[in-house]
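Summary of structural features
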Amino acid sequence: EHGNADRLYVLKVDTGKDERQVVAGIRKAYTPEQLVGRRVILVANMEPAVIRGETSNGMLLAASDANGMALLMPDKDVALGSIVK
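Throughout what follows, the structure given in this document is the object of discussion. For clarity, every value in this text was computed on a predicted model and none was experimentally measured. (Residues numbered from 1 in each chain as written. Predicted model: local features only at pLDDT ≥ 70, side-chain atom pairs only at ≥ 80, totals over all residues. Heavy atoms only, no water.)

**Quick notes on the side chain of S56**
Secondary-structure assignment places S56 in strand β5 (residues 54-56). Engagement of the side chain of S56 in a polar contact is seen with the backbone nitrogen of V23, the distance being 3.0 Å. There is a polar contact of 3.0 Å between the side chain of S56 and the backbone oxygen of G58. When residues no more than four places from it in sequence are discounted, the contact partners of S56 are Q21, V22, V23, P48, A49 and I51. (Helix = DSSP H or I, 4+ residues; strand = E, 2+ residues; numbered from the N terminus. Polar contact = N/O pair within 3.5 Å; in protein donor to acceptor, adjacent residues only side chain to side chain. Contact = heavy atoms within 4.5 Å.)

Printed below as a string of structure tokens:
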């Protein structure tokens, strides 16, 4: 959990090549236990951004509507670092 924001997590994401720190605004939709070990889609081809004092090296792909937020995830077991096409 981010110490200075009630909607943010500071996450460590394994890309298969390295580990990236990502700041994500998904705290109201997911508990930490729901995120550990999950395969997610990481947008990694962007410049790092400082969000509330923490560096974010990517962005998790998610969708939201009136029912809430959902991380977009592979529906099959793919290797870490697989390219999204």
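Now that the structure has been shown, the text picks up again.
**Side note on the pattern of salt bridges**
Counted by the stated rule, this structure contains two salt bridges. Across the pair D18 and R20 runs a salt bridge whose closest N-O atoms are separated by 3.9 Å. Owing to a relative accessible area of 36%, D18 belongs among the partly exposed residues under this scheme. Between R39 and D77 there is a salt bridge, and its shortest N-O distance comes to 3.7 Å. Residue R39 is located in the loop between α1 (32-35) and β3 (42-43), and its partner D77 is located in the segment after β8 (68-71); the two are separated by 38 residues in the primary sequence. Judged by its relative accessible area of 70%, D77 is exposed. (Salt bridge = Lys/Arg side-chain N within 4 Å of Asp/Glu carboxyl O. Buried < 20%, exposed > 50% of the residue type's maximum accessible area, 1.4 Å probe, protein only.)

Everything listed here is a matter of coordinates, which is why it stays silent on function.
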